Amino acid sequence: MKIRRFGATLAVAASGALLFSACTSPADDDASSTDAASSSTETAADGPCKADLGDVTTKDDTVSYSVGEDEFLGYNSYTPETYSTYNSVVTDRMLEGFVYFGTDGTICQNDSFGSYEVVSEDPLKVKYTIADDAVWSDGTQITNADFFLDWAAQAITKDDGTPLFNHVAGTTYGEYVPDGPQGDAEGKSFELDYAKVYADWEILVSAPFPAHVVADQIGVSVADLVKAIQDKDMDVLTKAAEFWNTGWLSPTPGELPDAALIPSSGPYKFKQDGWSAGQSITLEANDKYYGQQAATKNLTFRFTAADAQVQALQNGDLNVIEPQATVDTLAQLNALGDSVTVLTGDSLTWEHLDFNFNNGDFADSLPLREAFALCVPRADIVEKLIKPINPDAEVMNAREVFPFQDTYTEVTDASYDGRYDTVDLDAAKAKVEESGVATPIKVRIGYSAPNPRRADEVALIKSSCDQAGFEVEDTGSAEFFDKDLPNGDYEVALFAWAGSGQVASGANIYKTDAPQNYGGFSNADVDAAWDTLSSTVDPAVHLEQQKVIEKLLWDNLYGIPVFAHPGVSAYDSTLSNVRRTATQSTISWNADQWVRAE
Amino acid sequence: MHVLRFISRRIGISFLVLLGASLLMYVLTINAGDPLADLRESNSENKQNLMDQRTEIMGLNDPWYVRYWNWLFGVSKCFALQCDFGTTRNGVSVNSLLPQAAASTMRLVVLATLIAIVVGVAIGILTAIRQYSGFDYVTTFLAFLFFSLPVFWAAVLLKEYGAIRFNDWIADPLLSPGAMILWGLGLGLILQAIVGGGRKRRLYTLGITWVFVTGALFYFEAVDWFRQPALGVGVVVIAAAGAAVLVTALVTGLDNRRVLYAALTTVVVGGVSYLALMPVLDEPNWWILFGLLVLAMALSNLVGWLWGGYDKRRAMFVSSITGFIMSLLVAGDQMLSHWASFLDLKPRPISTIGSETPNFPGGFWEDVLDKGTQLILPTILLALVSIAGHSRYTRSSMLEVMGQDYVRTARAKGLSERAVITKHAFRNALIPITTIVAFDFAALIGGAVITEQVFGWKGMGAMFKQGLQQVDPPPVMAFFLVTGVAAILMNLVADIAYAYLDPRIRR
């Protein structure tokens, strides 16, 4: 059970459930994923999941953090209006589910919330058990009802087939689990019966919202609400959806809904009067929390532009920052000395060069693609552009796994022999000759401009590949994704995918005619391997098929992976337990463990 | 009647201009980029769903004229006092966003503009009176320097020295004897340049200032004044008495004893009231303070009226100005005396970001100090640029007036230099400046975009910027309406002020 890919530069994760699904709460040392496949044997501090801090007493103190200047939008992060990293960074501290993402994208099980196990692999049946002591901050038990509502929000449609709830995930959940959770309305255990096997079942169930609040607002009992969901009673459900769609939003910045409507299931809850419009929002420790208590009482999110964050950290206005990863920012941070700790590392976003198979010289000529791969100075690009920010950066040789993940070496050993590690201009010239295409061969490299780093990458590629018979042209433009890419006005596309945490989402990119297969690549063996991968929940099969897919993609050169994007975080050195994560959850993924040393 | 017709015609024309401009602005905004740009690179399973949902929310499938009409219809409800400025694509109501943003910007801009006007005009007059002196050259140089200052860069420097290093220093405020002497020397040099006069007078000014400032710094250092400052009633009364003499000297001249006594009596009354009101002032609220200010003004006017005799009008004017200055000094003294408890709550008093400290626990004065210290850096930045402009305009306007025949005539008939400058030259020099000041104020509301961003204020600029980046018209249009209306109103105010200052226009 490891990671996977993309999404793209945007901080949107794959299925709505994804990254915005709960996080948080102490995980056991070895908790990482359910079944046998779990590869995590790491100890607490080294593992990708949250460390076990033992018995934590909440310290009466405040830690300030900023993701950016964007205002907080509302309790419900799943509506199209509020769906963004800036919002979920706050709500993730308050809404928990069965899983969260560890620092390298590992799916970590949230033991204090509950547990789950696969009852049957095919047909897929999963049994979920909510912890007995799991309660909302208003004292109400977290029960199956909350998961019934969660399912309804992603399954119920109106008569015309459009979704009833404004959920960003659409009705994917309802398609995989058409009958909904099976269990007592107010019990603590339910089962999901999948209509078809879903490789990413572990992250389908997201952090639930409080069903008792919805029931109360529309004037029915919780049992009646669940019954309405089971019977598809549209009168009740329409009212429930209306509240779900609007009742948890904050159209006036600074004003939260009534405190009774927005209980927390996580280590933090909204602080009374803690939201100052345009300035900051403060959360305070949830004293009813059933897991490991928050280490620091108040957590303040300030809305601060990225370019003001370094000085704010220096002045103590912010204690933890995640500014733009540039050489300048890093130099400023390093100049601050010991009072600030700087963390650099990879993120789950990776840069790649993709060929255009719909038209152009590369489409039908494997030798020409190989020639290009031989002349692209990948090591040089990483050395000159990435290492100054992340000294541990390396050239990335895979698409489905990242260099910092456990299975990376195994996958690359089986799929890639190192033939494109160094630039070989003679071999490239020979391949160009073999292809029979007349030189100089025009190569338009398209990307979304302005992007200085990508412009530099193209310049480095040009200086190398022009010697091998290519004529590289920088066609970066602001309209790249809007116009150039769909129209096929490029030979090579340079962009990044952001890791989604899903195993099977790569099928959208590499299968024939898949929605994200912009270049029009088509290979029957690759399609078959994806089908095999998607139709099982067995991690061993997933790994085996990944090797097959990677090898086929290298041999046929779908494209060339280059590097994982670097990230920079920094924090006031008096804080402990601040840990970087490669995922889009941002460094605040374990904010409930941050604490200032005496 | 004439004036009313003039005003209503102006408003009518402005309204049509505004309507046309809003159409242009709307079309430009919705064509400023791709509202789905952030979703296009996504490979989420729900990408199409996200794009459809946003298209629905923003009405992207409607033609531009339908979208514009929908917006215009909502705004036109303003005539029924039910404005609907729409919602942003994040579901935030612009109706509630606008007042918040406007309040934030006003807090930032009003103080900076007032400071810029007062200081800029004062410097302009001083440089005009001392044309081609060293003071004039230095000011000219600085004015050009500040005028061409890149705001974002200056902000970084201000934060480094005004916030970070100041906070480091205030933790343990030490001044070396050398630094104290240099501060005294520097201030002395500046003051002698402003005061001017012969060599002997300059030397006296320099020497006295030097000794006084250095001495004061030694004293401050000794009593840890920087962490526990206070003025006390004595210093407040002395400073207010100084102000009373200065105001009298400027307005009527010290020969007019009735006015001078009125101003000084106001100071005495103020000092006594301060002593009596001490307990109330320790933990007031804004209403109490406002009430006390009204009371102070009433008392000052009464004192002026009683002393005034044949010159009641000017006596009341001078003593009410003195009363106002006295009130400010009292409030300032209260703020200073709460500085120590403020430092306990916030050991690093000046933040580099934000308009307030989140969840600040202090009482009234601590809260005022918290919000006030947050204003200092952005206000300095905004004011510096405006001061530079205002001082240049005032200087040239003043110089032009000083060369006029009637000024020579005024001198020839034996008027004092004070009367020539304040009554004849200054008032006429103000006429062109009014227009500039009015325009400047309208421009400042929209012009604080960069300042807001670097200092983490969410004002009009931030609203405009985010709307434009997201290709989301409602916030951009709300910004446009407010700045547009402000420009029109300020223009009108400038015209009316013109008429007040220049009787020829009234006819």
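These numbers come from a predicted model, not from an experiment.

Peer 1: When you look at the overall build of chain B in this model, what are you seeing that I'm missing?
Peer 2: Of the regular secondary structure elements, chain B holds 21 helices and 0 strands. Referenced to the eigenvectors of the C-alpha coordinate spread, the extents of chain B come out at roughly 80 × 65 × 45 Å. Within the span of chain B, comprising 507 residues, buried residues form 34% of the whole. Considering only contacts in chain B between residues 6 or more positions apart, those separated by 24 or more positions represent 73%.

Peer 1: Please explain the sheet that holds strand β7 (residues 268–276) of chain A as it appears in this structure.
Peer 2: Hydrogen bonds along the backbone pair up the strands of a sheet, which may run parallel or antiparallel. All names here are of chain A. Pairing in this open sheet of 10 strands is mixed, and the strands run β7-β8-β9-β1-β10-β15-β11-β14-β12-β13 from one edge to the other. Looking at the sheet topology across the chains shown, the edges are occupied by β7 and β13 (470–474). Alignment of strand β1 (residues 59–66) against strand β10 (residues 320–321), held across 2 bridges, turns out to be parallel. Each residue of the ladder has a partner; that of Ser66, found in β10, is Ile321. Packed onto the sheet, helix α13 (residues 452–465) meets β12 (441–446), β13 and β14 (492–498) and runs at close to 165° relative to β13.

Peer 1: Explain helix α6 (residues 234–246) of chain A here, please?
Peer 2: For an α-helix, the turn length of 3.6 residues means that residues three or four places apart are oriented alike. For α6(A), with 13 residues, the first-to-last C-alpha span of 18 Å sits near the 18 Å given by 1.5 Å per residue. Summarising the contacts, the buried residues of α6(A) are in contact with α2 (144–153), α4 (211–218) and α5 (222–231) of chain A.

Peer 1: How do you make sense of the UniProt feature "domain: Solute-binding protein family" (unreviewed entry) in chain A when you look at a structure like this?
Peer 2: When the UniProt feature table is mapped onto this chain, "domain: Solute-binding protein family" (unreviewed entry) is found at residues 118–501 of chain A. Across residues 118–501 of chain A, the secondary structure splits into 31% helix and 19% strand, with the terminal C-alpha atoms separated by 19 Å.

Peer 1: I keep staring at the pairing of β14(A) and nothing clicks. Help me out?
Peer 2: Consecutive side chains of a regular strand alternate in pointing toward one face of the sheet and then the other. Residues and elements named next belong to chain A. Of all 7 residues in β14, 7 are buried; the element is thus mostly enclosed. The side-chain alternation of β14 yields two buried faces, one formed by Val492, Leu494, Ala496 and Ala498 and the other by Ala493, Phe495 and Trp497. Here strand β11 (residues 340–355) runs beside β14; their pairing, made up of 7 bridges, is antiparallel. The residue of β14 that forms the bridge with Leu353 is Leu494.

Peer 1: Please clarify how the sheet that holds strand β4 (residues 114–121) of chain A should be interpreted in this entry.
Peer 2: Residues and elements named next belong to chain A. Pairing is antiparallel in the open sheet, where 3 strands are placed in the order β4-β5-β6. The outermost strands of the open sheet, each flanked by one partner alone, are β4 and β6 (189–193). Geometrically, the sheet is characterised by an average inter-axis angle of 20° between neighbouring strands, direction not taken into account. By the bridge criterion, 5 bridges tie strand β5 (residues 124–130) to β6 in an arrangement that is antiparallel. Paired with Lys125 across the strands is Asp193, a residue of β6.

Peer 1: Where do I start with the domain arrangement of chain B in this structure?
Peer 2: When the parts of a complex come together, some accessible area is lost, and that lost area is often used as the size of the interface. Residue and element names in this part refer to chain B. You can read the domains of chain B as domain 1 (16–96) and domain 2 (97–173 + 224–506). Contributing elements (two or more residues each) for the side of domain 1 that touches domain 2: α1 (2–30) and α5 (94–129). At 7 residues, α1 tops the list of elements feeding residues into the side of domain 1 that touches domain 2. Along the lines of polarity and charge, the residues of the side of domain 1 that touches domain 2 split into 12 nonpolar, 9 polar and 2 charged.

Basis of the calculations
Residues numbered from 1 in each chain as written. Chains lettered and ligands numbered in written order. Predicted model: local features only at pLDDT ≥ 70, side-chain atom pairs only at ≥ 80, totals over all residues. Helix = DSSP H or I, 4+ residues; strand = E, 2+ residues; numbered from the N terminus. Buried ≥ 20, exposed ≤ 12 C-beta atoms within 10 Å, placed from the backbone. Contact = placed C-beta atoms within 7 Å. Pairing = 2+ DSSP bridges. Axes fitted to C-alpha atoms, helices over the stretch in contact; angles between N-to-C directions. Expected span 1.5 Å × (residues − 1). UniProt positions renumbered as here; feature names shortened; annotations may be inferred. Domains from an automatic or database assignment. Nonpolar A, V, L, I, M, F, W, Y, C, P; charged D, E, K, R; others polar.

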